Amino acid sequence: MKITKTDRKLNVPDNPTIPFIEGDGVGAEITPVMQAVVNAAVEKAYAGKRQIEWKEVLAGGKAHEKTGEWLPQATMDAFREYLVGIKGPLMTPVGGGIRSLNVALRQGLDLYVCQRPVRYFKGIESPVKHPEHVDMCIFRENTEDIYAGIEWEAGTPEAKKFYNFIHDEMGVNKVRFPETSGFGVKPVSREGSERLIRAAIDYALAHDRQTVTLVHKGNIMKFTEGGFKKWGYELAEREYKSALESGCLVINDCICDAFLQNALLKPKAYSVIATMNLNGDYVSDMLAAQVGGIGIAPGGNINYQTGHAIFEATHGIAPDIAGKDIVNPSSIILSAVIMLDYLGWNEAGKRIEDALERLFQQGIATADLARFMPNGKSVGTKEFGNQLIATL
């Protein structure tokens with residue numbers, strides 16, 4: 001059955017249809033493990049009263065092989081129709097056409113929030129002394145900034161035309177080497193910023209997280225990143241004044257380079273982060289490294305207005321280890337946990353998180369994590385999934 005959205009509410013039947021993309025490279029290994037774990041957790045949490053109906057859709061190498069297209073229209077149509085989906089990692093097509101399949105999905109469905117929760121699991125070895133102090137949720141704007149892909153290669157007629165325009169029409173004299181410069185445009189809008197920051201604030205209030213920090217580089221990029229900061233404060237004052245006055249919401253901001261330092265030195269000072277596309281890319285991966293690496297970093301791409309969402313493994317296709325039964329499936333499993341929470345099936349997601357932590361505390365993990373654990377017991381991808389199901 002289809003998930004629907006009315007007003008601000010997601011309507012989830014007991015047997016929702018969830019489209020999924022298996023993914024390229026290691027996707028063929030991690031996606032079935034994720035599905036088996038989710039099925040078992042849902043069964044145990046709801047005693048068989050709820051069940052996900054998985055619907056495979058194609059994208060990436062598998063789609064190109066079967067249809068000649070990297071991202072078939074049928075796949076986009078399925079995500080639009082069923083609202084919520086999940087995907088494995090996708091390869092980047094070589095040559096012209098689609099620059100990035102992931103970006104195409106986000107922009108095509110207007111999935112303006114990249115939600116990246118980062119927390120520590122006991123038993124994981126970390127390069128920092130107190131990884132347990134890291135507990136943040138990053139809201140990364142997903143559709144604007146330099147990821148809009150508006151750029152021109154150095155030496156092309158388009159680059160020359162762009163330079164001539166900004167030089168002759170706009171009076172720009174700061175391009176040091178115009179003949180050999182590539183150019184890019186960084187769009188940051190009030191509307192795009194506000195809807196991202198609104199989602200971050202709503203999440204903070206719903207999850208009893210008092211502080212939302214606007215992370216930006218507005219001291220240098222005054223009208224794009226500076227605009228993001230300005231619009232964020234104005235939004236909070238206009239729409240959340242009572243929450244601010246009662247003290248249950250605090251809005252502050254931090255320059256991005258200072259935040260990267262502070263996240264190491266005083267991570268407990270931060271809870272919910274709202275930031276732009278490029279900053280969010282850096283910030284989310286840096287925080288993931290503090291708690292064990294991208295192999296256990298989940299992610300979701302969400303449009304809170306329409307209800308559309310695609311959850312995903314945040315790592316790449318890892319062709320060097322594909323087919324060897326050694327890849328860590330935790331990223332896509334934890335992304336499924338975010339998906340379950342988004343559906344309102346929190347009990348199933350909590351079972352998975354608790355089971356993961358119990359395994360890690362016992363030293364049971366795939367090789368990427370087990371090799372650093374004092375009592376590490378390395379298991380394969382499938383076996384890790386089986387052990388996780390047995391621990392639910």
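Structure shown above.
Residues numbered from 1 in each chain as written. Predicted model: local features only at pLDDT ≥ 70, side-chain atom pairs only at ≥ 80, totals over all residues. Heavy atoms only, no water.

A. Fine view of the sheet that holds strand β5 (residues 84-87). One open sheet holds the 10 strands; their spatial order is β4-β3-β5-β14-β13-β6-β7-β12-β10-β11, and the pairing between them is mixed. Where the open sheet ends on each side, the last strands, each with one partner, are β4 (53-56) and β11 (250-255). Direction aside, neighbouring strands of the sheet carry axes that sit 25° apart on average. Sheet topology note: the strand β13 (residues 298-302)/strand β14 (residues 309-313) ladder contains five bridges and is antiparallel. Following the sheet pairing, Gly-300 is matched in β14 by Phe-311. Against the sheet, helix α7 (residues 225-239) makes contact with β10 (211-216), β11 and β12 (272-275), and its axis sits at roughly 160° relative to β10, the strand it touches most. Lying on the sheet, helix α9 (residues 256-265) is in contact with β7 (135-141), β10, β11 and β12; it crosses β11 at an angle near 105°. (Pairing = 2+ DSSP bridges. Helix = DSSP H or I, 4+ residues; strand = E, 2+ residues; numbered from the N terminus. Axes fitted to C-alpha atoms, helices over the stretch in contact; angles between N-to-C directions. Contact = heavy atoms within 4.5 Å.)

B. Main features of unusual backbone geometry. The phi angle at Asp-7 is positive, at roughly 55°, despite the residue not being glycine. Take Asp-7: it is sitting in the loop between β1 (4-6) and β2 (9-11). The exposed category is assigned to Asp-7, whose relative accessible area is 74%. In this structure, Asp-325 takes a positive phi of about 60° despite not being glycine. If you trace the backbone, Asp-325 turns up in the loop between β14 and α11 (330-343). Residue classification places Asp-325 among the partly exposed residues on the basis of a relative accessible area of 30%. (Buried < 20%, exposed > 50% of the residue type's maximum accessible area, 1.4 Å probe, protein only.)

C. Just the environment of Ala-36, in detail. Tracing the backbone through its elements, the reader meets Ala-36 in helix α1 (residues 27-46). Ala-36 sits 120 residues away from Thr-156 along the chain, and the two C-alpha atoms are 50 Å apart.

D. Local environment of the nonpolar core. Membership of the largest hydrophobic core comes to 93 residues, with the highest contact counts inside it found for Ile-352 and Phe-360. If you tally residues by element for this core, the top one is α11, at 10 residues. Setting aside chain neighbours within four positions, we find Ile-352 in contact with Val-37, Val-38, Ala-41, Ile-333, Val-337, Leu-340, Leu-388 and Leu-392. Listed in part, the 14 residues of the second largest apolar core include Ile-21, Val-57, Leu-90 and Leu-105. (Core = buried A, V, L, I, M, F, W, Y, C linked by side-chain atoms within 4.5 Å.)

E. Structural detail: the packing of helix α6 (residues 190-206) against α7. Their axes nearest at 9 Å, the elements α6 and α7 cross at an angle of 55°. Relative to α7, the element α6 lies oblique. As for the relative orientation of α6 and α7, their crossing is right-handed in sense. Across from Arg-190, Ser-193, Glu-194, Leu-196, Ile-197, Arg-198 and Ile-201 in α6, the residues of α7 making contact are Phe-228, Lys-230, Trp-231, Gly-232, Glu-234, Leu-235, Ala-236, Arg-238 and Glu-239. Per-class residue counts for the contact of α6 with α7 are seven nonpolar, two polar and seven charged. (Parallel < 35°, antiparallel > 145°, perpendicular 65-115°, else oblique. Left-handed = near helix turned anticlockwise from the far one by under 90°. Nonpolar A, V, L, I, M, F, W, Y, C, P; charged D, E, K, R; others polar.)

F. Seen up close, the packing of aromatic side chains. Tallying each qualifying case throughout the model produces 11 aromatic pairs. Both rings, one in Phe-121 and one in Phe-360, keep their centres 6.0 Å apart while their planes meet at 75°; by these two values the pair is edge-to-face. Of this pair, Phe-121 sits in the loop between β6 (113-119) and β7 while Phe-360 sits in helix α12 (residues 346-361), and the two are 239 residues apart along the sequence. The class for Phe-360 is buried, based on a relative accessible area of 1%. Three or more aromatic residues joined by ring pairs make a cluster, and in this case those are Trp-152, Phe-162, Tyr-163 and Phe-183. Over the ring of Tyr-82 we find Lys-2, and its NZ or CZ is 5.9 Å from the ring centre. (Phe/Tyr/Trp six-rings, centres within 6.5 Å; stacked < 30°, edge-to-face > 60°. Lys NZ or Arg CZ within 6 Å of the ring centre and 35° of its normal.)

In short, shape yes, function no, at least from these values alone.
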